[in-house]
Every structure is written in C-alpha cells, then in structure tokens.
Amino acid sequence: MNQADIIQAPGDALIGEAKKDAATSAAHKKAYRSELRENGKGKAALRGALFPLVLLAVWQLCGSFGLISATLLPTPADIAKTFYELLISGDLFRHLGVSMGRAALGFVLGGAAGLLMGLGVGLFRRLEQTVDPSIQMLRTVPHLAITPLFILWFGFGEFSKILLIALGAFFPLYIQTFQGIRSVDAKLFDVARVLEFSRSKQVTKLVLPAALPHILLGLRLSLGVAWLGLVVAELMGSSEGIGYLIMDARQFAQTATVFVGIAIFAVVGKATDSLVRHLEKKLLRWRESFSG
Amino acid sequence: MSEQLLNVRLPHKTFRTPQGESVTALHNIDLRVRRGEFITLIGPSGCGKSTLLKIMAGLDTEHDGEVLLEGKPVTKPGIDLGFVFQEHRLFPWLSVEKNIAADLSLRQPEVRRRVSELVELVKLQGFEKAYPRQLSGGMSQRVAIARALLRSPKVLLLDEPFGALDAFTRSHLQEVTLDIWDNNRTTMILVTHDIDEAIYLAGRVVIMDARPGTIRKTIPIDLPYPRKKASSSFQELRTIVLREFERVEELELVDSSGI
Ligand SMILES: Nc1ncnc2c1ncn2[C@@H]1O[C@H](COP(=O)(O)OP(=O)(O)OP(=O)(O)O)[C@@H](O)[C@H]1O
Ligand SMILES: [Mg+2]
C-alpha cells in the first residue's frame, strides 16, 4: 500500500491496514515455510543421493576386486580418468563442438520453419486449410523411421544428419505455436477491437504474447527431439562428434570412453533444457507461479 | 449540456439459439443521451442490459436498429466509445502502465504524460510496474477504466464494472467514477444491479423490463452532488425506483452482486 492511497480514501485506509497485517503475517509464514522447505530440501537431497552413492561405491569395489570385467563395466575411477584424458587432449571439446554445431544448425533450421509455419497457419485460416492437413498426416510418421530413406537418398553425409535433426525439431514448435495462437482468449480480442488495435498490433500486442507460453514449451520439446535426432544421426555413421567418439570406442572395446560419451549426451541435453526453462521463467514472469 | 450525443433506436434485437429458434432480447428501445450525461441502466437479470451496451459500443451489429454517435452511424467498435467490461480484461503480460497504454508506446512523451495523469486519477501511484495478478479486483477495474479514458472516449460504457467487488471497494470506485465524470465531463452509461448505486451516480436512471427487454421508465435524479445515501430525498427516490420494480413480475433484483 502506498501512502497516497491511505490518505485519499478512509475506506481504503482500513483495507490498507488489514492488507498490511495480512501481508506481514503471510510474509512470516512464508519465511517460516521456506525455512522448513530449505531444511527439508537438504534432507531430501541427501536421501536422494544415498542410493547412487552406495551404488557407485559397490560398483567401484566390485571392479577393484576384479569381480566384473573392465571391458563390460569399467569402474567409476576408470571412467573419470578417461574423461580427464579426453578433456586435456582436447578431443572432447572438438567432438562436442562438432555435435553441438550440427544440433544447433538442424534445430535452428527446423525450429524456425516450425515457428514460422505455426505462425502462418495460426494467423491465416486459408493457409491452415491448405497445409495443416498434410502436416498433421506427416506428423504421424515417426521421424527416426525415415532415417534409412535419408541415407538412401543423401548418403551418410552431413546433409542427411542435419535434415534428420531439423525434421524432428519442426513438429513440436509448429504444433505448439499453432495451438498457442488459437487458444488466445476471445474476450481479449473484444478488448483489442474496442481499443482499435491495428491488425499488426493485434498480432504483436495480443496474439504473440498470449501464445508465448505455448511457443516456449514448443521450443523445449523441439530442442529435446533435435538432440535425440543428433544422437541417432551420429551413431548411424560419422567421422566426428560425440556419437563418433562412442562408436569408435566401441570398435576398440574402450568401454570407459563409451560411458563418457553417453554421459556427455545426457549432461548437454539437460543443460540446454535448463537454459530454456530459465528463459521461460524470465519471459513468463507475469504468470501466476505455482512454486508456493 | 442539452446537445444530443448518442441516439439509439432499436425496434428489435433477436438472438438465434443453437436449436434454431429466435429469442427476442430487446424490443422497442429508444434512448437519447445528451453530452456530459451520466446514465445508469438497471433491470432484472437477462433483460438485455449487456446486449444493449454492446450494441451501443458497436460490438454487436446484428440488429435492425440504428446507433448514432454525433449523428453518424456506429458500425464497428472504436475508441470514441470506451468500454469497461464486467471483468477487468487486462492483458496479463503487461504491467499496469503498459496495460493503460496498450497499443500506444510509453516512449512517446505525450502518452507517458497522459498515462501518469490517469494513474494518479485512478489512484494507483506506486503500482505502475505491477502485473495484473498482483492487483486486487478493484485495482484491476481502475486500470481498465484508465485504459478506456486514455483514448478520451466521447462516451464511456460500463457493464456492471463494480459487480464483483466488495462494498468498501465498490463505494470507493463510485467516488472515483464521479470524480472522473466531474473532471472530464465524459458522458457515461453504466449498467448496474444495485439500486443505490444507480441513484447515487446518475442524472437519469433508466429502468428496464425483461421478456422482452424494453425500457420501462426513465427517472431523472435531480439531487445535487455529492449525494448522501441516508438523506430523505435519496430514500424517496429509492422508493420510487423500487415501486417500479415491484411491477416487474419477476423480482430478481438483489442489492449487490447478483450476477
Ligand atoms: N450470444 C447470445 N446468444 C443467444 N442469446 C443471448 C446471447 N447473449 C444474450 N442472449 C440472451 O439475451 C437476453 C439478454 O441477455 P443480456 O446478457 O443482455 O442480459 P443482462 O441484462 O445483461 O443480464 P445480467 O444482468 O444477468 O448481466 C438473455 O435472455 C440471454 O439469454
Ligand atoms: Mg449483463
């Protein structure tokens, strides 16, 4: 409550006081609860970490005493050592760079196409009637199933890899953008009419912001699929990249390197997802948050 | 004061139900509004108040009547006819000041200045950067009023703007509305369920009847502002209005928010 409000209207002043009281007690409760939660969180994290830690210890011990073959299951220490070697030799970064470049290029091409198509189809009913049925039909084909066809047509080269990634990235963004535009509240359209929004303002000031939560969800889903496409494309045959690192190590039975490769795929995938989540939090600050 | 600003002539307004029948919502409406007038529309639920207001705003053009603003027919909604909806309908992704500006840019000094003036007028200083979800119902409704006022409408149409608010906030917003009317001399047409509110604000109370929706009676309120709800002259008018309502068969009227 600001002061001006309290001075101007006695009725409001009362409400203001009541609100302030409620606010302070709510703030106390919140602080208390978050303290509890912090404690709880710490304990929960500890409990959650218990099982992996025990597993890791047992794994290490089994390996050290020679109970399992190092070719099948290298010890955690071996894997860490391999990771370190790959790191200082620069191999890891080189392969990671290639992989990320591919994923980025494929994602940008496919994602941008999906976004633009989704916008167009969402905004123009004619375009929807023309292209949406075909896109919906193509969508039912699992895109990884087309891989053999791509290899037949374009060979193992860079082109079919990028195409596979792009194809995967296209659909989630397309569908979410389209959905987002179509789910804009009709009541707000009436507001836009009453305020005499121009057609372009209607898009930039109403449709796009309203569709943004959907679009960001599409972005996250697209990134996930693009990453999956990358893994498949690289495992299918390549001369560079994390997938190549894995397949090459497999040939020479360097199981520790395979483990490192898998871990890298997992970590980078998770990291990009977190990045978009962070972006979501920032851009959608206006939304009710359900965190507490 | 006596210049004609808005004329509504509406022989018939029918809705088609999904079953294909047609329902008469409004019948034989003739309303002439003078510049600077404050009119309240009151009537039982379902008598067509919202429908009439939407037709005046140009939001509903499917009728055989005529709406004239300064002699020119209204064919589509626009900023000359400001509209405040029953629910505030703010853009949830915009802060208070950006909601008021809406499609206009706050970077323009003139817009900036007018927005700050309006923020002051509706008493929301300190909340310029807040998002709608951080506001109470009454504050949101004040933002919606400011948003309509920024466009300097010739007529401000308000559809039960305070219907969902508690008594405290409601009477505060009544003051705010009267202040605005007093300062800007904006012509206002306000729909309400609340007899006291209708008499407290208006220069003319228009009482509507249901099935079919028509204007039953128009009662001029000649009390000077600021009015006292407890005064005997106010109570007399209240009795007159109530008596009109008793003639309406179905008395669905409640004092406050019977939405
Ligand atoms: N879109 C519509 N389609 C069909 N019938 C409608 C439509 N809108 C309103 N009606 C009908 O028109 C009549 C008047 O409705 P309206 O919403 O104008 O009433 P109201 O006086 O505003 O009521 P309330 O006080 O409850 O808001 C009602 O009988 C309603 O059923
Ligand atoms: Mg209504």
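Residues numbered from 1 in each chain as written. Chains lettered and ligands numbered in written order. Predicted model: local features only at pLDDT ≥ 70, side-chain atom pairs only at ≥ 80, totals over all residues. Heavy atoms only, no water.

**Describing the overall build of chain A**
Then, in step 1: The secondary structure content of chain A amounts to eleven helices and zero strands.
Then, in step 2: Along chain A, helices (α) and strands (β) appear in the sequence α-α-α-α-α-α-α-α-α-α-α when read from the amino end.
Then, in step 3: By residue count, 35% of the 292 residues in chain A fall in the buried class.
Then, in step 4: Here the analysis covers contacts within chain A between residues at least 6 apart in sequence; of these, 73% occur between residues at least 24 apart.
Then, in step 5: Within the structure as shown, chain A displays about 17300 Å² of accessible surface, and the carbon and sulfur contribution to it stands at 68%. (Helix = DSSP H or I, 4+ residues; strand = E, 2+ residues; numbered from the N terminus. Buried < 20%, exposed > 50% of the residue type's maximum accessible area, 1.4 Å probe, protein only. Contact = heavy atoms within 4.5 Å. Areas by Shrake-Rupley, 256 points an atom, 1.4 Å probe, with all protein chains shown as cover.)

**A short note on the packing of aromatic side chains**
Then, in step 1: Summed over the entire model, instances satisfying the criterion amount to 14 aromatic pairs over all chains.
Then, in step 2: Seen in terms of ring centroids, Trp59(A) and Phe259(A) are 5.9 Å apart; in terms of plane orientation they differ by 50 degrees. Their pairing is tilted. Here Phe259(A) lies in helix α11 (residues 255–283) and Trp59(A) lies in helix α2 (residues 10–64), a separation of 200 residues in the sequence.
Then, in step 3: Overall, the relative accessible area of 18% leaves Trp59(A) in the buried class.
Then, in step 4: Residue placement shows Lys13(B) over the ring face of Phe15(B); its charged tip is 4.6 Å from the ring centre.
Then, in step 5: Directly above the ring of Trp181(B) sits Arg185(B), whose terminal nitrogen or CZ lies 4.5 Å from the centroid. (Phe/Tyr/Trp six-rings, centres within 6.5 Å; stacked < 30°, edge-to-face > 60°. Lys NZ or Arg CZ within 6 Å of the ring centre and 35° of its normal.)

**What about the nonpolar core?**
Then, in step 1: The biggest cluster of nonpolar side chains holds 75 residues, and the ones touching the most others in it are Leu6(B), Leu41(B), Leu52(B), Met56(B), Phe91(B), Leu157(B) and Ile189(B).
Then, in step 2: No other element matches the ten residues that helix α9 (residues 199–235) of chain A contributes to this core.
Then, in step 3: Once residues within four sequence positions are removed from consideration, Leu6(B) is found in contact with Leu31(B), Arg32(B), Val33(B), Met56(B), Val67(B), Leu68(B), Leu69(B), Leu81(B) and Ile189(B).
Then, in step 4: By size, the runner-up hydrophobic cluster in this structure holds 52 residues, among which are Leu118(B), Ile145(B), Leu158(B) and Met188(B). (Core = buried A, V, L, I, M, F, W, Y, C linked by side-chain atoms within 4.5 Å.)

**Description of the site of ligand 1**
Residues and elements named next belong to chain B.
Then, in step 1: Around ligand 1 sit Phe15, Ala25, Ser45, Gly46, Cys47, Gly48, Lys49, Ser50, Thr51, Glu160 and His193, and that is every residue in its neighbourhood.
Then, in step 2: Between ligand 1 and the protein, one listed contact pairs an oxygen atom with a side-chain N or O atom of Ser45 at 2.6 Å.
Then, in step 3: Here an oxygen atom of ligand 1 sits 2.7 Å away from a polar atom, N or O, in the side chain of Ser50.
Then, in step 4: In isolation ligand 1 exposes 630 Å². Once the protein is present, 61% of that is buried.
Then, in step 5: Per-element accounting of the shell around ligand 1 gives the leading share, three residues, to helix α1 (residues 49–57).
Then, in step 6: Broken down by class, the residue content of the shell around ligand 1 amounts to three nonpolar, six polar and two charged. (Near = heavy atom within 4 Å. Polar contact = N/O pair within 3.5 Å; in protein donor to acceptor, adjacent residues only side chain to side chain. Nonpolar A, V, L, I, M, F, W, Y, C, P; charged D, E, K, R; others polar.)

**A few points about the pairing of strand β9 (residues 204–209) of chain B**
All names here are of chain B.
Then, in step 1: The buried fraction of β9 is high, at six of six residues.
Then, in step 2: Burial along β9 is two-sided: the residues Arg204, Val206 and Met208 and Val205, Ile207 and Asp209 are all buried.
Then, in step 3: When strand β3 (residues 38–42) meets β9, the two strands line up parallel, connected through four bridges. Pairing of Ile39 across the sheet is with Arg204, part of β9.
Then, in step 4: The pairing of β9 with strand β10 (residues 214–220) spans six bridges and is classified as antiparallel. (Pairing = 2+ DSSP bridges.)

**With respect to the sheet that holds strand β7 (residues 155–159) of chain B**
All names here are of chain B.
Then, in step 1: Taken together, the six strands give an open sheet; going across it, the order is β6-β7-β8-β3-β9-β10, and neighbouring strands pair in mixed fashion. Looking at which strands have only one partner, the edges of the open sheet turn out to be β6 (81–84) and β10. For this sheet, the mean angle separating the axes of adjacent strands, direction not counted, is 20 degrees.
Then, in step 2: Across the face of the sheet, helix α4 (residues 137–150) comes into contact with β6 and β7 while running at roughly 170 degrees to β6.
Then, in step 3: Packing of helix α7 (residues 232–247) onto the sheet brings it into contact with β3, β9 and β10, and relative to β10 it is tilted by some 165 degrees. (Axes fitted to C-alpha atoms, helices over the stretch in contact; angles between N-to-C directions.)

**Notes on the UniProt feature "domain: ABC transmembrane type-1" (unreviewed entry) in chain A**
Then, in step 1: Mapped onto this numbering, the UniProt entry annotates "domain: ABC transmembrane type-1" (unreviewed entry) at residues 92–276 of chain A.
Then, in step 2: Measuring from the first to the last C-alpha atom of residues 92–276 of chain A gives 24 Å, for a span that is 85% helix and 0% strand. (UniProt positions renumbered as here; feature names shortened; annotations may be inferred.)

**Some words on the UniProt feature "domain: ABC transporter" (unreviewed entry) in chain B**
Then, in step 1: Within this numbering scheme, the UniProt entry marks residues 8–235 of chain B as carrying the feature "domain: ABC transporter" (unreviewed entry).
Then, in step 2: Secondary structure across residues 8–235 of chain B divides into 31% helix and 27% strand, with the first and last C-alpha atoms of the span separated by 31 Å.

**Description of the interface of chain A and chain B**
As a measure of interface size, the accessible area lost when the parts come together is often cited.
Then, in step 1: Facing 28 residues of chain A, the contacting portion of chain B comprises 30 residues.
Then, in step 2: Contact between chain A and chain B buries roughly 2800 Å² in total, counting both sides, with carbon and sulfur atoms accounting for 63%.
Then, in step 3: When the area that chain A buries against chain B is broken down by residue, the three leading residues are Val194(A), Leu195(A) and Trp286(A), summing to 24%.
Then, in step 4: In this structure, the connection of chain A to chain B is made through one salt bridge.
Then, in step 5: A salt bridge links Lys187(A) to Glu87(B); its shortest N-O distance comes to 3.5 Å.
Then, in step 6: Across the chain A-chain B interface, the total number found is seven residue pairs in polar contact (both at pLDDT 80 or more).
Then, in step 7: Residue assignment for the side of chain A that touches chain B shows that the elements contributing at least two residues are α1 (3–8), α2, α8 (186–194) and α9 of chain A.
Then, in step 8: When residues of the side of chain A that touches chain B are assigned to their parent elements, the largest contribution, six residues, is made by α8(A).
Then, in step 9: Residues belonging to the side of chain A that touches chain B are distributed by class as follows: 13 nonpolar, three polar and twelve charged. (Buried area = accessible area lost by both parts, 1.4 Å probe. Salt bridge = Lys/Arg side-chain N within 4 Å of Asp/Glu carboxyl O.)

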